[in-house]
Amino acid sequence: MNIEDWRSQIKRGTLEFCVLLMIGQGERYGYELISQLEKRPILAAKESTIYPLLRRLLKEGLLASTWRESAEGLPPRKYYTITDAGREYLAAMEAEWRDLLSAIDELKEG
């Protein structure tokens, strides 16, 4: 296995967490999420990854969405907000993430 394969596996496991973190901070639309992730190359994701993820999170009840007209005359955008169930799930993910990082730090320290 090369480092790119390993990075891809880690990314798949954390992308949902990152998307929920960003939407948990305030409503977002899909392209905005993609743009924010692109600022962090290790997290960059394409539309073909983000939009199916958003649809799944909507279906699972972790997100809600609403269409809104753009003030600049652009096509309407679908904005996503986190639901109460999404906040609970995100809190659980954050706890698991902290535990994972702590366990890795313990291993590094010997």
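Each remark here, short or long, concerns the structure printed above.
Attention here is on the structure that accompanies the text.

How each quantity is defined
- Throughout this document, residue positions are counted from 1 along each chain, in the order its sequence is written.
- With pLDDT at 70 or above as the cut-off, local features in this predicted model cover only qualifying residues; side-chain atom pairs require 80 or more to be listed or tallied, and sums for whole chains, interfaces and linings still use all residues.
- Excluding hydrogens and water, the side-chain figures rest on all heavy atoms present in the structure.
- Only runs of H or I of at least four residues qualify as helices and only runs of E of at least two qualify as strands under DSSP, and these elements are numbered from the N terminus.
- Exposure classes here rest on a 1.4 Å probe applied to the protein chains alone. A residue is buried below 20% of its type maximum, exposed above 50%, and partly exposed in between.
- Here, residues are in contact when the closest pair of their heavy atoms is within 4.5 Å.
- Surface accessibility follows the Shrake-Rupley procedure with a 1.4 Å probe radius. Residue values consider only the protein chains on display as shielding.
- Helix axes are fitted to C-alpha atoms over the stretch in contact, other axes to C-alpha atoms as well, and angles between N-to-C directions run from 0 to 180 degrees.
- When an angle is under 35 degrees it counts as roughly parallel; over 145 it counts as roughly antiparallel; between 65 and 115 it counts as roughly perpendicular; any other value is oblique.
- For any pair of crossing helices, the crossing counts as left-handed if the nearer helix is rotated counterclockwise from the farther one by less than a right angle, and right-handed if it is rotated clockwise.
- When DSSP finds two or more bridges between a pair of strands, those strands are recorded as paired.
- By the counting scheme adopted, Arg and Lys are positive, Glu and Asp are negative, and His together with the chain ends is not counted.
- Here, a salt bridge means any Lys or Arg side-chain nitrogen found within 4 Å of an Asp or Glu carboxyl oxygen.
- Here a polar contact is recorded for every N or O atom pair within 3.5 Å, except that within protein the pair must consist of a potential hydrogen donor and a potential acceptor, and residues adjacent in sequence are included only if both atoms are side-chain atoms.

Brief notes about the overall build of the chain
The number of helices and strands found in the chain is 4 helices and 3 strands. Counting only C-alpha atoms, the chain reaches 55 × 30 × 20 Å along its principal axes. A burial count over the chain gives 28% of its 110 residues as buried. Within the chain, counting contacts between residues at least 6 apart in sequence, those at least 24 apart form 50% of the total. Surface exposure of the chain reaches about 7600 Å², of which carbon and sulfur atoms provide 53%.

Details of the packing of helix H1 (residues 3-24) against helix H2 (residues 30-38)
The description of two packed helices rests on the angle between their axes and on the distance between the axes. Interhelical geometry of H1 versus H2 gives an angle of 115° and a closest axis separation of 11 Å. By the angle between their axes, H1 is roughly perpendicular relative to H2. Crossing handedness for the pair H1 and H2: right-handed. Seen from H1, the contacting residues are Leu15, Cys18, Val19, Met22 and Ile23; seen from H2, they are Leu33, Gln36 and Leu37.

Observations concerning the sheet that holds strand S2 (residues 63-68)
Pairing within the open sheet is antiparallel, and its 3 strands lie in the order S1-S3-S2. Where the open sheet ends on each side, the last strands, each with one partner, are strand S1 (28-29) and S2. Where S1 lies against strand S3 (residues 77-82), 2 bridges are found, and the strand directions are antiparallel. Residue pairing for S3: Arg28 is matched across the bridge by Tyr80. Packed on one face of the sheet, H1 meets S1, S2 and S3 and runs near 95° to S3.

Notes on the pairing of S3
Here S2 runs beside S3; their pairing, made up of 6 bridges, is antiparallel. Its bridge partner being in S3, Ala64 is matched across the sheet by Thr81.

Quick word on the side chain of Arg28
With respect to the element layout, Arg28 can be found in strand S1. The buried charged residue Arg28 lacks any salt bridge partner; its closest oppositely charged side chain belongs to Glu32, at an N-O distance of 4.0 Å. Only 3.3 Å separates the side chain of Arg28 from the side chain of Gln25, close enough to count as a polar contact. When near neighbours in sequence (up to four residues on either side) are disregarded, Arg28 contacts Met22, Ile23, Leu33, Gln36, Lys78, Tyr79 and Tyr80.

Geometric values such as these leave the question of function open.
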